[in-house]
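Per-entry structural report
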Amino acid sequence: TWIETEHELKKKDIPKNIIESITSQFPGYEIEEAELSETKDGIVYEFEIEKGESELEVTYSKEGKFIKKEEIQEED
């Protein structure tokens, strides 16, 4: 059963409204990775963002609405 398909995105392919949302909600963070994720529930954008030692995974709807954030724990 199909669950999800992910497509890696280049920064130039990220919609401007989503970049603006990330910039305003997470000032100082840089986008390290970007993916477009398709599921049976729809399409979302997932990002790994970083600021110093802090790494987060954040998810946005295709309309640019913030959905969730998770801290990424580094493995030793």
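Structure's up top.
Residues numbered from 1 in each chain as written. Predicted model: local features only at pLDDT ≥ 70, side-chain atom pairs only at ≥ 80, totals over all residues. Heavy atoms only, no water.

As a further point, take the pattern of salt bridges. The final tally for this structure, using the stated rule, is four salt bridges. For the salt bridge of K12 with D13, the shortest nitrogen-to-oxygen distance reads 3.5 Å. Judged by relative accessible area, D13 falls into the partly exposed class, the value being 41%. Note that K68 is salt-bridged to E70, the shortest N-O span being 3.1 Å. (Salt bridge = Lys/Arg side-chain N within 4 Å of Asp/Glu carboxyl O. Buried < 20%, exposed > 50% of the residue type's maximum accessible area, 1.4 Å probe, protein only.)

A cluster of like negative charges, contributed by E8, E30, E32 and E33, occupies part of the molecular surface. Along the chain, the position of E33 falls in strand 2 (residues 30–39). By relative accessible area, which is 42% here, E33 ends up partly exposed. (Patch = residues over 30% accessible without salt bridge, like charges linked within 9 Å, V, L, I, M, F, W, Y side chains within 5 Å. Areas by Shrake-Rupley, 256 points an atom, 1.4 Å probe, with all protein chains shown as cover. Lys, Arg positive; Asp, Glu negative; His and termini not counted. Charge placed at Lys NZ, Arg CZ, Asp CG, Glu CD. Helix = DSSP H or I, 4+ residues; strand = E, 2+ residues; numbered from the N terminus.)

Our next topic: the sheet that holds strand 5 (residues 66–71). With respect to topology, five strands assemble into an open sheet ordered 1-2-3-4-5, the strand pairing being antiparallel. Strands with a single pairing partner mark the edges of an open sheet, and in this sheet they are strand 1 (4–8) and strand 5. Looking at each pair of strands side by side, their axes are set apart by 25 degrees on average, direction ignored. Sheet strands in contact with helix 1 (residues 16–25) are strand 2, strand 3 (42–51), strand 4 (54–61) and strand 5, and its direction is about 140 degrees off that of strand 4. (Pairing = 2+ DSSP bridges. Axes fitted to C-alpha atoms, helices over the stretch in contact; angles between N-to-C directions. Contact = heavy atoms within 4.5 Å.)

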